[in-house]
Amino acid sequence: MELLVIWIICGFVTAIIGASKGRSFAGWLMIGLLLGIFGIILVACMPAVANDAPRTQPQYSAIREEPRLEKNCPDCGETILEVAKVCKHCGYRFDHTQALKA
C-alpha cells in the first residue's frame, strides 16, 4: 500500500515539475505515474520551454522586392503589369512593338 502511495506522489511531483517548466501537467502526470521516481529524474533533466522567446522574421522577408512596373491598357485603361501580354480585365492583346516601346 505504501508503495502505491509513493508511486502516486511521484506522479504528482513529476507533473508539478513539468508544469513549472512550461510543459503539460496531465501529460507529465501520466509519465510520472508510469515511471515513478524515474519520471521525476527525467523531467528534472529537461529544459524549460521558452514561450516568450522573441520571434525572428522569416528569412524570405529579408529579400527586398523590386518595385512592380505597370502600364495602362489602351483599350480599357486599367493598370496591369508591364510584362503582361494580355490585359486581365478586357483581354486586349499587346503586340511585340508595344512591348518594346513600354
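Described below are features of the structure shown in this document. Only a predicted model underlies this, so the values are computations on that prediction, with no experimental measurement involved.

1. Remarks on the overall build of the protein chain
Here is step 1 of the chain: What the protein chain contains, in helices and strands, is four helices and two strands.
Here is step 2 of the chain: N-terminal to C-terminal, the α/β element order of the protein chain is α-α-α-β-β-α.
Here is step 3 of the chain: Counting every position in the protein chain, which comprises 102 residues, the buried fraction comes to 18%.
Here is step 4 of the chain: In the protein chain, 25% of the contacts between residues at least 6 apart in sequence involve partners at least 24 apart.

2. With respect to helix 1 (residues 2–20)
Here is step 1 of the chain: Its 19 residues give helix 1 an end-to-end C-alpha distance of 27 Å, which sits within 8% of 27 Å, the value for a rise of 1.5 Å per residue.
Here is step 2 of the chain: Every buried residue of helix 1 is listed here: Cys10, Gly11, Thr14, Ala15 and Gly18. Down the axis of helix 1, the smallest arc covering the buried residues is 130°, so these residues share one side. In this structure, helix 1 carries Glu2, Ile16 and Ser20 as exposed residues pointing more than 90 degrees from its buried face.
Here is step 3 of the chain: Considering only its buried residues, helix 1 is in contact with helix 2 (25–35) and helix 3 (37–45).
Here is step 4 of the chain: A positive backbone phi angle near 85° is found at Gly22, which sits one or two residues after helix 1.

3. Notes on a nonpolar patch on the surface
Here is step 1 of the chain: Judged by side-chain polarity, Met1, Leu4, Val5, Ile8, Ile9, Phe12, Val13, Ile16, Phe25, Met30 and Leu33 come together as a nonpolar surface patch covering roughly 1,000 Å² of accessible area.
Here is step 2 of the chain: Put simply, the parts of the chain that give the nonpolar patch at least two residues each are helix 1 and helix 2.
Here is step 3 of the chain: A total of seven residues in the nonpolar patch trace back to one element, the largest contributor, which is helix 1.
Here is step 4 of the chain: If you trace the backbone, Phe12 turns up in helix 1.

4. Considering the side chain of Thr14
Here is step 1 of the chain: Structurally, Thr14 is set in helix 1.
Here is step 2 of the chain: Here Thr14 falls in the buried class, since its relative accessible area comes to 0%.
Here is step 3 of the chain: Ignoring anything within four residues of it in the chain, the contact list for Thr14 reads Trp28, Gly32, Gly36, Gly39, Ile40 and Val43.

Reading the values: rules and limits
- Residues numbered from 1 in each chain as written.
- Predicted model: local features only at pLDDT ≥ 70, side-chain atom pairs only at ≥ 80, totals over all residues.
- Heavy atoms only, no water.
- Helix = DSSP H or I, 4+ residues; strand = E, 2+ residues; numbered from the N terminus.
- Buried < 20%, exposed > 50% of the residue type's maximum accessible area, 1.4 Å probe, protein only.
- Contact = heavy atoms within 4.5 Å.
- Expected span 1.5 Å × (residues − 1).
- Arc of directions from axis to C-beta.
- Patch = residues over 30% accessible without salt bridge, like charges linked within 9 Å, V, L, I, M, F, W, Y side chains within 5 Å.
- Areas by Shrake-Rupley, 256 points an atom, 1.4 Å probe, with all protein chains shown as cover.
- Salt bridge = Lys/Arg side-chain N within 4 Å of Asp/Glu carboxyl O.

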